[in-house]
Amino acid sequence: MGTENQGYPNIPGRTTSSPFASAPPPGVPPHSGGPAAGSETVGFRPFPPSASQPIRPFAPSGPPMAPPVGAMRPGQSPLVSQIPGSRPPPPSSNPLPSTAYGPPGGGGSFQRFPSPPFPSTQNPPRGPPPPQTLAGHLSPPMSFRPQQPIAPVTMGPPPQSMTSGPPGGIASPPAADFNMAARPGFQQSMPPVNPSYPGGVISQPSFPGYPSKQVLPAPPMPFQSASQGPPSYPPQAGGFAQHPNLAAQQNMHPSYAPPPSNVQGLVEDFNSLTLSNIPGSIEPGLDHTKFPRPLDGDVEPNSFAEMYPMNCHSRYLRLTTSAIPNSQSLASRWHLPLGAVVCPLAEAPEGEEVPLIDFGSSGIIRCRRCRTYVNPYVTFTDSGRKWRCNICSMLNDVPGEYFSHLDATGRRMDMDQRPELTQGSVEIIAPTEYMVRPPMPPIYFFLIDVSFSAIKSGMLEVAAQTIKSCLDNLPGYPRTQIGFITYDSTLHFYNMKSSLSQPQMMVVSDLDDIFVPLPDDLLVNLSESRNVVEAFLDSLPLMFQDNANLESAFGPALRAAFMVMNQLGGKLLIFQNSLPSLGAGRLKLRGDDPRVYGTDKEYTLRVAEDTFYKQMAADCTKFQIGINVYAFSDKYTDIASLGTLAKYTGGQVYYYPGFQSSIHGDKLRHELARDLTRETAWESVMRIRCGKGIRFSSYHGNFMLRSTDLLALPAVDCDKAYAMQLTLEETLLTTQTVYFQVALLYTASCGERRIRVHTAVAPVVADLGEMYRQADTGSIVSVYARLAIEKTMSAKLDDARNTIQQKIVKALREYRNLNAVQHRLGSRLIYPESLKFLPLYGLAICKSTPLHGGPADISLDERCAAGFTMMALPVKKLLKLLYPNLFRVDEWLLNPSADHHDLKDVLSRLPLAAESLDSRGLYIYDDGFRLVLWFGRMLSPDIAKNLLGADFAAELSRVTLQEQENGMSKKLMRLIKKVRENDPSYHPMCLLVRQGEQPREGFLLLRNLIEDQMGGSTGYVDWILQLHRQIQQNA
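Residues numbered from 1 in each chain as written. Predicted model: local features only at pLDDT ≥ 70, side-chain atom pairs only at ≥ 80, totals over all residues. Heavy atoms only, no water.

Taking an unreviewed UniProt entry as the reference, the protein chain is identified by name as Protein transport protein Sec24-like At3g07100 belonging to Thlaspi arvense. Looking at the protein chain in UniProt, the text filed under Sequence similarities (unreviewed entry) is "Belongs to the SEC23/SEC24 family. SEC24 subfamily." (UniProt positions renumbered as here; feature names shortened; annotations may be inferred.)

What's the story with the pairing of strand S25 (residues 737-747) in this structure? I'm lost.
Two faces belong to every sheet, and in a regular strand the side chains alternate between them. Of all 11 residues making up S25, 10 are buried, and the element is well covered by its neighbours. For S25 and strand S26 (residues 753-765), the ladder comprises 11 bridges, and the chain directions are antiparallel. Each residue of the ladder has a partner; that of Val742, found in S26, is His758. Connecting the antiparallel pair S25 and S26 is a turn made up of 5 residues, with Gly751 showing a positive phi of about 105°. (Buried < 20%, exposed > 50% of the residue type's maximum accessible area, 1.4 Å probe, protein only. Helix = DSSP H or I, 4+ residues; strand = E, 2+ residues; numbered from the N terminus. Pairing = 2+ DSSP bridges.)

Would you explain the packing of helix H13 (residues 797-820) against helix H22 (residues 1020-1033) in this entry?
For any two helices packed against each other, the geometry comes down to the angle between their axes and how far apart the axes lie. At a minimum axis separation of 9 Å, H13 and H22 run at an interaxial angle of 55°. Our classification of the angle between H13 and H22 gives oblique. Remark: the crossing between H13 and H22 carries right-handed chirality. Across the interface between the two elements, Gln805, Gln806, Ile808, Val809, Leu812, Arg813 and Arg816 of H13 pack against Trp1023, Gln1026, Leu1027, His1028, Gln1030, Ile1031 and Gln1032 of H22. (Axes fitted to C-alpha atoms, helices over the stretch in contact; angles between N-to-C directions. Parallel < 35°, antiparallel > 145°, perpendicular 65-115°, else oblique. Left-handed = near helix turned anticlockwise from the far one by under 90°. Contact = heavy atoms within 4.5 Å.)

Would you take a moment to explain the nonpolar core for this structure?
Across soluble globular proteins, you tend to see nonpolar side chains buried next to one another. Counting 150 residues, the largest nonpolar core has Phe446, Phe484, Phe575 and Phe740 as the members making the most contacts within it. Among the elements that make up this core, the one with the highest residue count is helix H12 (residues 777-791) (8 residues). Phe740 has contacts with Leu317, Leu319, Ile324, Arg689, Cys690, Ile694, Phe696, Leu726, His758, Thr759, Ala760 and Ala762, leaving out every residue within four places of it along the chain. Listed in part, the 54 residues of the second largest apolar core include Leu511, Ile574, Ala640 and Ala865. (Core = buried A, V, L, I, M, F, W, Y, C linked by side-chain atoms within 4.5 Å.)

How should I be thinking about the pattern of salt bridges in this particular structure?
Where side chains of opposite charge bring their charged atoms close, a pairing between them can arise. All chains considered together, the criterion is met by 48 salt bridges. A salt bridge links Arg674 to Glu347; the shortest N-O distance between them is 3.5 Å. With Arg674 in helix H10 (residues 661-677) and Glu347 in the loop between strand S6 (339-342) and strand S7 (356-357), this pair connects stretches of sequence that are 327 residues apart. Here Arg920 makes a salt bridge to Asp918, at a shortest N to O gap of 3.2 Å. A relative accessible area of 41% places Arg920 in the partly exposed class. Overlapping salt bridges bring together Glu347, Lys571, Arg674, Asp675, Arg678, Asp717, Asp719, Lys720, Lys877 and Asp983 as one network. (Salt bridge = Lys/Arg side-chain N within 4 Å of Asp/Glu carboxyl O.)

Whenever I open this one, the sheet that holds strand S29 (residues 922-926) confuses me. Can you help?
Strand pairing in a sheet relies on backbone hydrogen bonds. The paired strands run either parallel or antiparallel. With respect to topology, 4 strands assemble into an open sheet ordered S28-S29-S30-S31, the strand pairing being mixed. Of all the strands in the sheet, just strand S28 (885-888) and strand S31 (989-994) have a single pairing partner and so form its edges. On average, adjacent strands in this sheet sit at an angle of 20° to one another, irrespective of strand direction. In this sheet, S31 lies alongside strand S30 (residues 930-935) in parallel orientation, the contact comprising 6 bridges. Within S31, the position partnered with Phe935 by the bridge is Arg994. Of the strands in this sheet, S29, S30 and S31 are in contact with helix H20 (residues 967-982), which crosses S30 at around 150°.

Please explain the side chain of Thr372 as it appears in this structure.
Relative to the helices and strands, Thr372 is located in the loop between S7 and strand S8 (379-381). In this structure, Thr372 is in contact with Ile365, Arg366, Cys367, Trp387, Cys389, Asn390, Ile391, Arg689 and Gln741, ignoring residues within four places of it in sequence.

Even after reading the chapter, I still don't get the pairing of strand S12 (residues 443-449), so can you show me in this structure?
Counted residue by residue, S12 has 7 buried out of 7 residues, so it is predominantly covered. Side chains Ile443, Phe445, Leu447 and Asp449 of S12 all project onto a buried face; the interleaved residues Tyr444, Phe446 and Ile448 project onto the opposite face, where all are buried too. Looking at chain direction, S12 and strand S13 (residues 481-487) are connected through 7 bridges and run parallel. Bridge pairing links Phe445 to Gly483 in S13. Where S12 meets strand S17 (residues 570-576), 5 bridges bridge the pair, whose relative direction is parallel. Counterpart to Leu447 in the pairing with S17 is Ile574.

Explain the packing of aromatic side chains here, please?
The description of an aromatic ring pair rests on the distance of the ring centres and on the angle between the ring planes. Under the counting rule described, the total for this entry stands at 25 aromatic pairs. Measuring from ring centre to ring centre gives 6.0 Å for Phe696 and Phe740, while their planes differ by 55°; the resulting arrangement is tilted. A residue pair is termed long-range when its members are at least 10 positions apart, and Phe696 in strand S21 (residues 694-700) and Phe740 in strand S25 qualify at 44 residues. Each of the two residues, Phe696 as well as Phe740, counts as buried. The interplanar angle of 65° and the centroid separation of 6.2 Å between the aromatic rings of Phe703 and Tyr722 together place this pair among those described as edge-to-face. Remark: Tyr722 occurs in strand S24 (residues 722-728) and Phe703 occurs in the loop between S21 and strand S22 (704-705); sequence separation between them is 19 residues. Taken together, the aromatic side chains of Phe446, Phe484, Tyr494, Phe536, Phe575, Tyr630, Phe632, Tyr654, Tyr656, Phe659, Phe929 and Tyr986 make up a single cluster linked through ring pairs. The lysine or arginine in question, Arg412, covers the ring of Phe380, its NZ or CZ lying 4.8 Å from the ring centre. Directly above the aromatic system of Tyr648 lies the positively charged group of Lys647, at a separation of 5.6 Å from the ring centroid. (Phe/Tyr/Trp six-rings, centres within 6.5 Å; stacked < 30°, edge-to-face > 60°. Lys NZ or Arg CZ within 6 Å of the ring centre and 35° of its normal.)

So this is what it looks like as structure tokens:
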């Protein structure tokens, strides 16, 4: 036995992760700490505790003992089971396992921990091995002294070889999960540091697995996530014998030694990165391959979903933390946003529908005081005659038609037949008192630029064809209405009365005093005027094919569309191809003066220049008109101003810079079709109610705030999300839980007035640590991204980026202070398991299109369009945009057995760094908005020829990817189709680039590898070091 685990294979490839040093080579005498037991000489020897010693949390009895070494946690992530050869973790009572980390390996600095309360010469206790302790409690104490020959005992994970490591024969360290303790006089030695020492300077991070790079054998950093390395086990009592290799190197750095006593007292409930310097070098010895990366995508916290199964699904409502602070003082120490992200109409998976409720004659059951809708968390009393509101505690009468007897437990007898009492999300049919007017029909009105550039680019033809192809699928048949206005320097109205065989065109050239001819026949019922509408769409491109007019009377056209639509409302789709140049709302070229950038006036370029646009947006919202803007120009079109129309009417901006129908046509067809055919909620308002003592204080997204807490949303759909922040109104919350209820009142396309209700509950806590443990990174990042984009509207880009960095620093500094009392943290950067990706996502926000770089890096229009888009994105789509997918596909294409059904298994995501790219490979970059196929310079010509045909050697900017007549090409096209189907909200355009094709390679791919330093921007390693430096300054 000894220290071997019989029957468990060694864990391969982790020389820095073994908790125990391996046996020294034959012929090397054991260290003078004591003779070997039996025939085995090992680096560590256990001392079992006394058999009579009871093990109780935090109060061990008997003689004073040293606390246990290390941060051994039995609670381990289920991901550990995926490691080949890993030992299954022991049972744990901790519902939220996290991994603990130890000191630096192979030459990193040691941490300082409390000294044991007894001299190291005291006799060690004896006895059987200790039982496993519960996570979060103290493990059995241990003593350190020269070893004695003892009977062998079974230990945790098997030992591993320590022969690999930095030059000079330094042995690899004990595992990251086992903090190494030393006796007095024990010295960690280092080889001489010279310029050739690989750990001395790290010029560029390196990833293993590719021949073009070498893995630096610098002393690795003991970062280990829950999915890496061997599982943690409770510590065994024992002492350490120094490894012979270490002893041989002792005298090289006599000044570099750990403190006399290195004992860790409490189980560490956090993750850590050790960022200490190698002695004699400037650069820290970091193994950046172990940095946390969200390669599995968005991971939602599920602990409270299990605790409160009647909560609505997180796709509808995601809190930034599932633990609400009980006081204002606790909330002020949180530093991260306290709030939620709401996506009221998120698409449910196939077969999972939101139940539709009709209360009939009883009317909708709501609280008389706070107007909360009946939900799974209300309680019934008085034999079922009254119900208590879960939000304001008001007792309400139960209408006779809704009455049901209660069983012995106080549960309604008809509970199982009442979805509103068992499910967190329901849709209620609203009676007439919820209508200010009869429900409006779905209305689609098109405002189309027909100037020269729109004709030349092919935009007009693609738009007309797509609208015609979608007529059968527009929601709301047979009530749907449709209308058109086109414009250049004049306005063109179209009479589409059903009695006509061809539409009549009427031209209005007076842009200052607009009148609408035949107002009743411009907006027609589609089912009645179908033939006229189709004839118009067929003739539209031909009508203006010779138009040489370059002007754009966009403002007057917008006013005309408003005059046509303001009786009913609806969705206005704007197709704009040039800078508005005539009439109201005309805009001038701005943003070409480099002197403005870097000054306090810089932000003015990113907000609407003319108040006309915000005023029109406010008027449209008032009359239930939602606006979507499609912008196409390759020249400046002032998206900052045009996008204001979408921002305040609940719409969105689609931007196609340099549109050419041959290249961008498919993208426009799919996205316009999605916009026209997805289910839309018309004339909507949304309110979020929450429990006593808290309220939502700020809202972020595309909407108009009608009152302090009522969001006006003329048209809303499944692709829109809204972020909001909470405030505690009372100094101290007295309740144990807080309830949230989202209510969206809207008109469905079928003509019904409905209320979509989502209800959730979260516990109130007095522990800041619990708030961190229950944090939801995805929701926090969504709020941060919106706050940062809003900051760019009133400050410099640098200020917005610094704000994000400072928010993360404050949060992690508070977390460090929280743990500094119980733990000796040394030079470690610590963070909770729930927030391990927050630093990387913070860097991604700073490198995202709205905030990245300076004026020369990204055009003003592109920056503003990306900002409007990100303000509306749901959590999962936003996280994918911030940290996109990078796959290697050439090996998969060559494998005849692999197919597109097993994408997750075959195509594993790679870190977004240049080292992930092998010049012999083919890679796909996918951020949800575009697909970039990167062809390595040394990729096999056969693969390129199979995929590109005769154009395989041409410059790829001129090549369009099309399906070829061979299996490999068909396989790749199936893969791309599958990727697009996974998220139909946008249609990623496929772009091809070959390694070395500049500048295309730079702006299509290299600029988006956010872990690298590009164009003066910070890389992931430097970002972590910056955060750590600032956290330690005032910690």
